[in-house]
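Each chain is listed here by its residues.
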Amino acid sequence: MQVLVRDNNVDQALRVLKKKMQREGVFREMRRRRFYEKPSDKTSREKTEAIRRHRKLARKQAIREGLIAAPVKKPRDGVGGPRGAGAAAGAPRPADAASKARVEA
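Predicted model only: the values in this text are computed from it and were never measured. (Residues numbered from 1 in each chain as written. Predicted model: local features only at pLDDT ≥ 70, side-chain atom pairs only at ≥ 80, totals over all residues. Heavy atoms only, no water.)

## Section: helix H3 (residues 39-65)
Next up, step 1: If you check H3, its first and last C-alpha atoms are 39 Å apart, about what 27 residues at 1.5 Å a residue would give, namely 39 Å.
Next up, step 2: One or two steps after H3, the chain reaches Gly66, where phi turns positive at roughly 85°. (Helix = DSSP H or I, 4+ residues; strand = E, 2+ residues; numbered from the N terminus. Expected span 1.5 Å × (residues − 1).)

This is the structure in structure tokens:
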């Protein structure tokens, strides 16, 4: 795994590395290998994971084919967005900007 450090910004490179490791499942693997897992437990865990993957794939395919309705996404209040735009990046909320304008006027 490789991460580029731009402009000596190690914090941002560390965040990118953690995100890549999360996507690859490294943390989950480390937690699972912390203790010995009996072969019977391992096979039962792998079976349940396979069942979960198969159900998820079937659900996505049914949504694509229009057999079931897609789940409704909840609106998030300024969290996330492109490149951390919004409240997470420190941008003022509309209510905060209005109250500051009243105080300054």
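## Considerations on the pattern of salt bridges
Proximity of charged atoms lets side chains of opposite charge pair with each other.
Next up, step 1: Applying the stated criterion across every chain yields a total of 4 salt bridges.
Next up, step 2: Note that Glu29 and Arg32 form a salt bridge whose closest N and O atoms lie 3.2 Å from each other. Within this pair, Glu29 and its partner Arg32 are both found in helix H2 (residues 26-32), separated by 3 residues, close to a single helical turn.
Next up, step 3: A relative accessible area of 27% places Glu29 in the partly exposed class.
Next up, step 4: Residue class for Arg32 comes out partly exposed when judged on its relative accessible area of 31%.
Next up, step 5: Linked by salt bridges that have partners in common, Glu29, Arg32 and Arg33 make up one network. (Salt bridge = Lys/Arg side-chain N within 4 Å of Asp/Glu carboxyl O. Buried < 20%, exposed > 50% of the residue type's maximum accessible area, 1.4 Å probe, protein only.)

## Description of a positive patch on the surface
Next up, step 1: A cluster of basic residues, Arg15, Lys19, Lys20 and Arg23, forms a positive patch at the surface.
Next up, step 2: Within the secondary structure, Lys20 sits in helix H1 (residues 10-24).
Next up, step 3: Take Lys20: its relative accessible area is 31%, and that puts it in the partly exposed class. (Patch = residues over 30% accessible without salt bridge, like charges linked within 9 Å, V, L, I, M, F, W, Y side chains within 5 Å. Areas by Shrake-Rupley, 256 points an atom, 1.4 Å probe, with all protein chains shown as cover. Lys, Arg positive; Asp, Glu negative; His and termini not counted. Charge placed at Lys NZ, Arg CZ, Asp CG, Glu CD.)

## Notes on unusual backbone geometry
Next up, step 1: Look at Asp7: it is not a glycine, yet its phi comes out positive at around 55°.
Next up, step 2: Take Asp7: it is sitting in the segment before H1.
Next up, step 3: Even without a glycine there, the phi angle at Asn8 is positive, about 55°.
Next up, step 4: Residue placement: Asn8 occurs in the segment before H1.

## Notes on the confidence of the model for the protein chain
Next up, step 1: For the protein chain, the average pLDDT comes to 83, and 74% of its residues sit at 70 or higher.
Next up, step 2: Across the protein chain, H3 holds the top mean pLDDT of 96, while helix H4 (residues 94-104) sits lowest at 54. (pLDDT = per-residue confidence, 0-100.)

## Digging into the environment of Gln2
Next up, step 1: Locating Gln2 in the fold gives a position in the segment before H1.
Next up, step 2: The spacing of Gln2 and Val16 is 14 residues in sequence and 9.8 Å in space, taken between C-alpha atoms.

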